[in-house]
Amino acid sequence: MKVKLRESPLGSRVLAVQEEGTLLFDGRVPVAIFGISTFASILQATYQIHGEAASTSLYMFGFEMGKSFAKQFVEENYSVEEALSVLSDIDAMAGWGRYRVVELDHENKRAVIVMRNSFIADALKPSEKPVCDLLRGYFAGILSFLWKIDVRCEEIKCLARGDGECRFEIHP
Ligand SMILES: [Zn+2]
């Protein structure tokens, strides 16, 4: 389904303050819109300068982002399933891609998340190895916060590598 931004749930939550040149999400969180190609240039430069260390940096950045995003759901007493479902909807609205949880094991703190149209894979394809380091960290950060124990995330399949979708495995 395609809808114009102003008619979408995201559009109704974004306030454009034209004279100031700012966009506010939910009337308070400043946001900015970049093209995927701009984002790709930023990521490529980061990998060129920092090599493998860039993977770790982006993972850690994603991890902190995931924790901060998950915080509100804990405060509002969402279940892990509900929090992931709402976050998936919000992230899809933001153009990040569409993910779904295919396995969720609360006891052993393991999960599998599958994602279509990862915006990072789109930005960095083609690649010989998985590239969604930011999202790896993001999912690890969300579940670490919701489960109250640090978990890690590996990307087993990646759209950028020619796999049909990205697959993330989360475990302690
Ligand atoms: Zn990927």
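Summarised in this report is the structure supplied together with it. From a predicted model like this one, the values you see are computed outputs, not experimental measurements.

## Notes on the overall build of the chain
Okay, step 1: Looking only at helices and strands, one finds five helices and seven strands in the chain.
Okay, step 2: N-terminal to C-terminal, the α/β element order of the chain is β-β-β-α-α-α-β-β-α-α-β-β.
Okay, step 3: By its C-alpha atoms, the chain is 50 × 40 × 30 Å across when sized along the principal axes.
Okay, step 4: Of the contacts made within the chain by residues no fewer than 6 positions apart, 54% connect residues no fewer than 24 positions apart.

## As for the sheet that holds strand 2 (residues 22-25)
Okay, step 1: Across the sheet, which stays open at both edges, the three strands sit in the order 1-2-3 with antiparallel pairing between neighbours. The two strands at the open ends of the sheet, each matched to only one other strand, are strand 1 (14-17) and strand 3 (29-31). Going across the sheet, the axis of each strand differs from the next one's by a mean of 35 degrees, ignoring polarity.
Okay, step 2: Judged from the three bridges that link them, strand 2 and strand 3 form a sheet pairing that is antiparallel. Counterpart to L23 in the pairing with strand 3 is V31.

## Overview of helix 1 (residues 36-50)
Okay, step 1: Its 15 residues place the ends of helix 1 21 Å apart at the C-alpha level, agreeing with the 21 Å of an ideal helix rising 1.5 Å per residue.
Okay, step 2: Where helix 1 terminates, the next one or two residues include G51, which has phi positive at roughly 60 degrees.

## Thoughts on the packing of helix 2 (residues 52-75) against helix 5 (residues 133-147)
Packed helices, taken two at a time, are described by the angle between their axes plus the distance between the axes.
Okay, step 1: One can describe the packing of helix 2 onto helix 5 by two numbers: an axis separation of 6 Å at closest approach and a directional angle of 35 degrees. Regarding helix 2 and helix 5, the two cross each other, and that crossing is right-handed.

## Observations concerning the sheet that holds strand 6 (residues 152-157)
Okay, step 1: Taken in spatial order, the four strands make up an open sheet running 4-5-7-6, and their pairing is antiparallel. If you trace the sheet from one side to the other, it starts and ends with strand 4 (98-105) and strand 6, each paired once. Strand-to-strand, the axes of this sheet are offset by a mean angle of 20 degrees, without reference to chain direction.
Okay, step 2: Where strand 4 lies against strand 5 (residues 110-116), seven bridges are found, and the strand directions are antiparallel. What sits directly across from R98, in strand 5, is R116.

## Some words on the pairing of strand 2
Okay, step 1: The sheet contact formed by strand 1 and strand 2 spans four bridges and is antiparallel. Residue pairing for strand 2: A16 is matched across the bridge by L23.
Okay, step 2: Counted between consecutive antiparallel strands, the loop separating strand 1 from strand 2 contains four residues, among which G21 sits at a positive phi close to 70 degrees.
Okay, step 3: Between strand 2 and strand 3, which pair antiparallel one after the other, the connecting turn spans three residues, and D26 there sits at a positive phi close to 55 degrees.

Criteria and cut-off values
- Residues numbered from 1 in each chain as written.
- Predicted model: local features only at pLDDT ≥ 70, side-chain atom pairs only at ≥ 80, totals over all residues.
- Helix = DSSP H or I, 4+ residues; strand = E, 2+ residues; numbered from the N terminus.
- Contact = placed C-beta atoms within 7 Å.
- Pairing = 2+ DSSP bridges.
- Axes fitted to C-alpha atoms, helices over the stretch in contact; angles between N-to-C directions.
- Expected span 1.5 Å × (residues − 1).
- Left-handed = near helix turned anticlockwise from the far one by under 90°.

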